[in-house]
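Descriptive analysis of the structure
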Amino acid sequence: MTNRPIASRLSLAIAGALLASAGLAAAQSPAPALSPDGAVRELDAIVVQGEIIYRDRSADIAPTLSYDLEYFQRFEPLTVGDMLKRVPSVAFVSDVLEYDGAQLRGLDPGYTQILINGKKVPGAGADRSFFVDRIPAELVERIEIVRAPSANRSGDAVAGALNIVLRDAFEFDGAYVRAGALRFDDGEVKPTYGAVASGDVGGGRLLGGINVQGRYNPKAKFSTRLSEPGGDFDNREDQTDVRDGTDYSGNVSYTREVGSGELKLTGLYVLTDRTQTEDSIEYNAPTGTSRDNLLSVNRQVVEIDQTNLALGAAYEFDMAGGRTEIDFGYAAFKDEQFDTEVETGYDDDDTPPSFDEFEGERTLTDVEDTESSLKLAHVRDLAGSRFEFGLDAMDKSRDADIRIAESATDVEGEPLPPLTDFDRRTSRIDERRLDPYLMVSGGDVLEWQAGLRYETTDVAVAADGDREDNDYAVLLPSASLRWNLGEDDRLSLSLGRTVRRPGFDFVLPLLLEEEYGDNDFLGNPQLDPETAWGIDLGFERRLGRKGIVGVNLFYRDITDLIEVVNTGVPNETALDDYADDVEDFLDENPGADETTPGYPVFDPQSFVYTAANVGDGYVYGIEFDASTPLTALGLPNTGVFVNYSWLDSSVDDAFGERRFNNQARYVYNLGFIHDMPSLAASFGASYRKQGDAELRILAEEVRTSYGADLEVFIEKRFGDKLSVRLTGSNLLDASKDEVFDKFDNGIDQANRDYDEYELETESAGPVYQLIARYSF
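For the structure given in this document, a descriptive report is provided here. (Residues numbered from 1 in each chain as written. Predicted model: local features only at pLDDT ≥ 70, side-chain atom pairs only at ≥ 80, totals over all residues. Heavy atoms only, no water.)

1. Some remarks on the overall build of the protein
- Of regular secondary structure, the protein possesses 7 helices and 38 strands.
- Expected size for 776 residues packed as a compact globule is a radius of gyration near 28 Å; at 28 Å, the protein falls within 12% of this value.
- Projected onto the principal axes, the alpha-carbon positions of the protein cover approximately 95 × 55 × 55 Å.
- For the protein, with 776 residues in total, the buried portion stands at 53%.
- Accessible surface computed for the protein: about 32,600 Å², of which carbon and sulfur atoms make up 54%.
- Taking the average location of the 73 positive side-chain charges in the protein and that of its 145 negative ones, the two points are 12 Å from each other. (Helix = DSSP H or I, 4+ residues; strand = E, 2+ residues; numbered from the N terminus. Rg over C-alpha atoms; globule rule 2.2 N^0.38 Å. Buried < 20%, exposed > 50% of the residue type's maximum accessible area, 1.4 Å probe, protein only. Areas by Shrake-Rupley, 256 points an atom, 1.4 Å probe, with all protein chains shown as cover. Lys, Arg positive; Asp, Glu negative; His and termini not counted. Charge placed at Lys NZ, Arg CZ, Asp CG, Glu CD.)

2. Observations concerning the pairing of strand β19 (residues 422-442)
- Summarising the sheet, strand β18 (residues 385-409) and β19 pair through 20 bridges and their orientation is antiparallel. Bridged to A400 within β19 is S427.
- Summarising the sheet, β19 and strand β20 (residues 446-463) pair through 14 bridges and their orientation is antiparallel. Pairing of M439 across the sheet is with G451, part of β20. (Pairing = 2+ DSSP bridges.)

3. Structural notes on the side chain of N217
- Relative to the elements of secondary structure, N217 occurs in strand β12 (residues 204-226).
- Of note is the side chain of N217, whose polar atom sits 2.9 Å from the backbone oxygen of V96.
- Separated by 3.1 Å, the side chains of N217 and E98 make a polar contact.
- N217 has contacts with V96, L97, E98, D241, V242, R243 and A764, leaving out every residue within four places of it along the chain. (Polar contact = N/O pair within 3.5 Å; in protein donor to acceptor, adjacent residues only side chain to side chain. Contact = heavy atoms within 4.5 Å.)

4. Structural notes on the pairing of strand β30 (residues 666-676)
- In β30, alternate side chains face the same way, and those of V667, N669, G671, I673 and D675 are buried while those of Y666, Y668, L670, F672, H674 and M676 on the opposite face are not.
- The pairing of strand β28 (residues 635-653) with β30 spans 9 bridges and is classified as antiparallel. Bridged to V642 within β30 is L670.
- From the end of β30 to the start of strand β31 (residues 681-690), which pair antiparallel, there are 4 residues, and A680 there has a positive phi angle of about 50°.

5. What to know about the nonpolar core
- If you look at the biggest cluster of nonpolar residues, it comprises 50 residues, and the most contacted ones within it are V80, L84 and I135.
- What I135 contacts, discounting residues up to four positions off in sequence, is T79, V80, I116, F130, V140, L166, L268 and V270.
- Among the nonpolar cores identified, the runner-up in size contains 19 residues, and V459, Y472, L510 and L527 belong to it. (Core = buried A, V, L, I, M, F, W, Y, C linked by side-chain atoms within 4.5 Å.)

6. Remarks on the packing of aromatic side chains
- Counting across every chain of the model gives 27 aromatic pairs.
- A centroid spacing of 5.3 Å and a plane angle of 80° characterise the contact between F92 and Y99, whose relative ring orientation is edge-to-face.
- An aromatic cluster of at least three residues, connected via ring pairs, comprises Y54, Y67, Y71, F72 and F641.
- Cation over ring: R105 sits above F554, and NZ or CZ is 4.2 Å from the ring centre.
- Over the aromatic face of F718 sits the side chain of K716, whose NZ or CZ is 5.7 Å from the ring centroid. (Phe/Tyr/Trp six-rings, centres within 6.5 Å; stacked < 30°, edge-to-face > 60°. Lys NZ or Arg CZ within 6 Å of the ring centre and 35° of its normal.)

7. Here we look at the environment of G123
- For G123, the location among the structural elements is in the loop between β7 (119-120) and β8 (140-146).
- With a relative accessible area of 5%, G123 lands in the buried category.
- When the C-alpha atoms of G123 and A331 are compared, they prove to be 9.8 Å apart, with 208 residues separating the residues in sequence.
- Excluding anything up to four places from it in sequence, G123 contacts S129, F130, F333 and R398.

8. Topic: the sheet that holds strand β9 (residues 160-166)
- Here we have 6 strands laid out as an open sheet, ordered β2-β3-β8-β9-β6-β7, and mixed in their pairing. Edge positions in the open sheet fall to β2 (56-57) and β7, since each of these has one partner strand only.
- Bridging between β2 and strand β3 (residues 64-68) involves 2 bridges; their strand directions are antiparallel. Opposite D56, over in β3, you have S66 as the bridge partner.

9. Remarks on unusual backbone geometry
- Note the cis peptide between T351 and P352, where omega equals -5°.
- For P352, the location among the structural elements is in the loop between β16 (322-347) and β17 (354-382).
- The phi dihedral of R128 falls on the positive side, at around 75°, and the residue is not glycine.
- Tracing the chain through its elements places R128 in the loop between β7 and β8.
- Residue classification places R128 among the partly exposed positions, given a relative accessible area of 24%.
- Despite not being glycine, D464 has its phi angle at roughly 50°, a positive value.
- In this structure, D464 sits in the loop between β20 and β21 (466-484).
- Taking relative accessible area as the criterion, D464 reaches 36% and is therefore assigned partly exposed.

Quick look at the structure:
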């Protein structure tokens, strides 16, 4: 791993972006334009909020929910993940207090498109997902939930898109600093601090922000393992899991007029430096910690160093009677992990269990994912309508280098042999996309938008020296209608086709031994993308001057689902099992051969599996949200927030019908904020609950349940420059409870012949934050 100092890397990244902006700012240009509402916003209004902020009504014809940072800020979210847990239809199936892979409408994170400033970004997930907890909330201007597709956006949005809009120089003016600390359940204290400044520079506007966030999450896990449901006790495991680190981030935005157009430069850099430490002990008794019941002692330490970089340069200018945009983008994600696990095992056949083996494994992971993009677009008025056409091009590469070393000793007290003899596996995936589109919109009372997008993809997959190529193209029509029934009411209808490209782990032609129980898995580079036709029908009503309520029905019909299927080829495990059976038979029957009665018959139970486009499924649900002051009840300084999403789906796999994996049954949030102007203070609470989720894959089934999450805050304002907030989260000591049904192979799974039945509970305690902001 590269061991450059963290501060050095952060400074270089931010300094480079600032110098590039400053160099451009030295030129002279006309006075800057104003933000869309006619004026830039003062940052002191953000630091000291004099009123409660509610969900915005979006001007987009495609159904979009928009939430400004101020909507979330009273509860002091640390990351975008903390923000998204408060909005409709976003679920998470992560560890307690971890909000990383956003699941819009409950579907796997790979079905949700994550955008930063409207652009795709690479992420850590092998399913192409981006971990939203890597982006600090302090850098965000607003969050947009885009429920339906449009031709001028990438079609990778079966569940929808989440657009993270970072703070923009044209939107804010002034400066503020933020500082505070977080206290965790075990007494650990972590600092957090940052600053944002924006103003006129060299005829344009420059905004810069930095944020340093201490991250810490201590959890306790307890597992009980049985032979089967209601069966005999096998063993139990007590575990602690601590995630300790710091996130460093910075963003910059520079905008100025150049000629007849507007030039905009943006940059984002995020560094995650984290250590995950898991300690676990297994016993052969349901209770107690006696050495007489000890089965194993295990420690795993993972050192994680991840960086996200996103740079953009866009120029919009008048041309040929319309407006033309040229937009360059570059995004990179790098993940370096140093994972060491050691375990001392004891032989349960002896009483008490005797020393068996001391073993270790070290895994070095180096993944680098880069995307370069170019967008050319032209917008013009034509025959009373707005006509837009363009071309999106992208060049993506993802390199992975994984090295694994193992060692062991069966001599008690002897040190572990060095973990230096590595097996190495490398892979590279290259994708080139060229996506032309056209879109027409118009209307007044009845607004409409219709378009076509044609996405072409060339893929090259190389693994351990072997290479395969693939290509595919998909036509994606889309249309949206919005009927403005009056000043307060509007009805929306959207229809469109979207796509989900295969995950990286499914296309790599690498043989993974015993990936699913006793079964091997071999990726398939010839996979096609999944496609989906979807419809959204929504109604929205304005409540007074500030409130809003909405309901939306959605349906997605997904075809060419990618499922794990049996190739019919027995794997090495099956061959080894058969060889052992033959050896045992010959030991018992000297001189026997295949004609001898009772000679073992080759009846494999484990195979090589692969991925294929073999399935179909559908997803549907109802989404409700409301945020409004209680003015009608005589409480204008009290605002309430509620959203509820009911989610369902159906898909057939080799074992029958199921819902889409890890889709929560429901998710809801409710809360309030009460402002006390005479005291320059406010307080509020937020309550969140997510329904059970189920997962069924080859050789394993999991049911996951979460406890409720309660957060409260108290805020005191001092003049119009300083605010202090005390926030408490996870006040109900939420737990994650999982039930694992484990099998050796698909045949045992179909017959419910268990290998193991496990009950696991993971819990964490409350977290308290004290944060102060000062504007100047």
